[in-house]
Amino acid sequence: MSSNVTKSKKFSASYRPRFLAISAPVALPGHPGHAGLDGMRKNRSPSQRQLRVGESLRHALVDVLARGVLRDPVLQNVSITVSEIRVSPDLKNATAYVMPLGGDEADEIVSALRRAAPFLRSAIAAETQLKHAPRLSFEIDQSFNRATSIDALLRHPKVAQDLQREGDEDGS
């Protein structure tokens, strides 16, 4: 008897399977709302998940670098600061912003890290709980240079006078 009910339900004109959905409008390339071919969100801040994964990857990369397991002579006995790792929205690519202590030989160290990227990817995969480890790329962190130039500007005598005048006006 239940087979008759199932058959009648299956062939009923009013019956609609649950997996059919009304399609939503799709944003086409060149139209507002389209994210682009690479899936990157332009002019938007990273999602909470991207930030969390990036921080997890940064901790894992720092642990691997601190252990000193890399065989490249350029990376031996070098202290490297990993300031940030930015992860793509699909979590398949990650860019690590690094700077050696003192900033000496930064180009050589970044090229050595690029050569070691496949090994570092596997080492990070062993330390994190991600389903897929992202491809790593390395860039020199320019934020230290920017901070130094801003500090130099703020210490310039003319800027110091302006800052001192503003402080006097606020206090009077």
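The structure this text deals with has already been given above.
Summary of the structure given here. (Residues numbered from 1 in each chain as written. Predicted model: local features only at pLDDT ≥ 70, side-chain atom pairs only at ≥ 80, totals over all residues. Heavy atoms only, no water.)

### Concerning unusual backbone geometry
Next, step 1: Despite not being glycine, asparagine 77 shows a phi value in the positive range, around 55°.
Next, step 2: Along the polypeptide, asparagine 77 turns up in the loop between helix H2 (48–67) and strand E1 (80–87).
Next, step 3: Assessed through its relative accessible area of 82%, asparagine 77 is described here as exposed.
Next, step 4: Positive phi values are uncommon outside glycine, yet glutamate 105 reaches one of about 55°.
Next, step 5: Turning to its location among the elements, glutamate 105 is positioned in the loop between strand E2 (93–100) and helix H3 (106–115).
Next, step 6: What makes glutamate 105 exposed here is its relative accessible area of 52%. (Helix = DSSP H or I, 4+ residues; strand = E, 2+ residues; numbered from the N terminus. Buried < 20%, exposed > 50% of the residue type's maximum accessible area, 1.4 Å probe, protein only.)

### Some details on the pairing of E2
Next, step 1: Of all eight residues making up E2, six are buried, and the element is well covered by its neighbours.
Next, step 2: Direction of pairing for E1 relative to E2: antiparallel, over a ladder of seven bridges. Directly across from isoleucine 80, in E2, lies its bridge partner proline 100.
Next, step 3: Linking E1 to E2, which pair antiparallel, is a turn of five residues; within it leucine 91 sits at a positive phi near 60°.
Next, step 4: Pairing between E2 and strand E3 (residues 135–140): six bridges, direction parallel. Within E3, the residue paired with threonine 95 across the bridge is serine 137. (Pairing = 2+ DSSP bridges.)

### Remarks on the pattern of salt bridges
Next, step 1: Here the structure, examined in full by the defined rule, presents six salt bridges.
Next, step 2: Salt-bridge contacts for aspartate 151 lead to arginine 155; the nearest nitrogen and oxygen are separated by 3.1 Å. With aspartate 151 and arginine 155 both in helix H5 (residues 143–155) and four residues apart, the pair spans about one turn of that helix.
Next, step 3: Aspartate 151 sits in the partly exposed class, given a relative accessible area of 36%.
Next, step 4: Owing to a relative accessible area of 63%, arginine 155 belongs among the exposed residues under this scheme. (Salt bridge = Lys/Arg side-chain N within 4 Å of Asp/Glu carboxyl O.)

### A closer look at the side chain of serine 88
Next, step 1: Mapped onto the elements, serine 88 comes out in the loop between E1 and E2.
Next, step 2: The class of serine 88 is buried, set by a relative accessible area of 10%.
Next, step 3: A polar contact is formed between the side chain of serine 88 and the side chain of aspartate 90, at a distance of 2.5 Å.
Next, step 4: A distance of 3.5 Å separates a polar atom in the side chain of serine 88 from the backbone nitrogen of lysine 92. (Polar contact = N/O pair within 3.5 Å; in protein donor to acceptor, adjacent residues only side chain to side chain.)

### A closer look at the nonpolar core
Next, step 1: Ranked by size, the top nonpolar core spans 27 residues in total, and within it Leu61, Leu65, Ile85, Val98, Leu113, Leu120 and Phe138 carry the most contacts.
Next, step 2: Sorting the residues of this core by element identifies H2, E1, E2, H3, helix H4 (117–127) and E3 as the ones contributing at least two each.
Next, step 3: When residues of this core are assigned to their parent elements, the largest contribution, six residues, is made by H2.
Next, step 4: If near-sequence neighbours (up to four positions away) are discounted, leucine 65 is found in contact with Leu70, Ile80, Val82, Leu113 and Leu120. (Core = buried A, V, L, I, M, F, W, Y, C linked by side-chain atoms within 4.5 Å. Contact = heavy atoms within 4.5 Å.)

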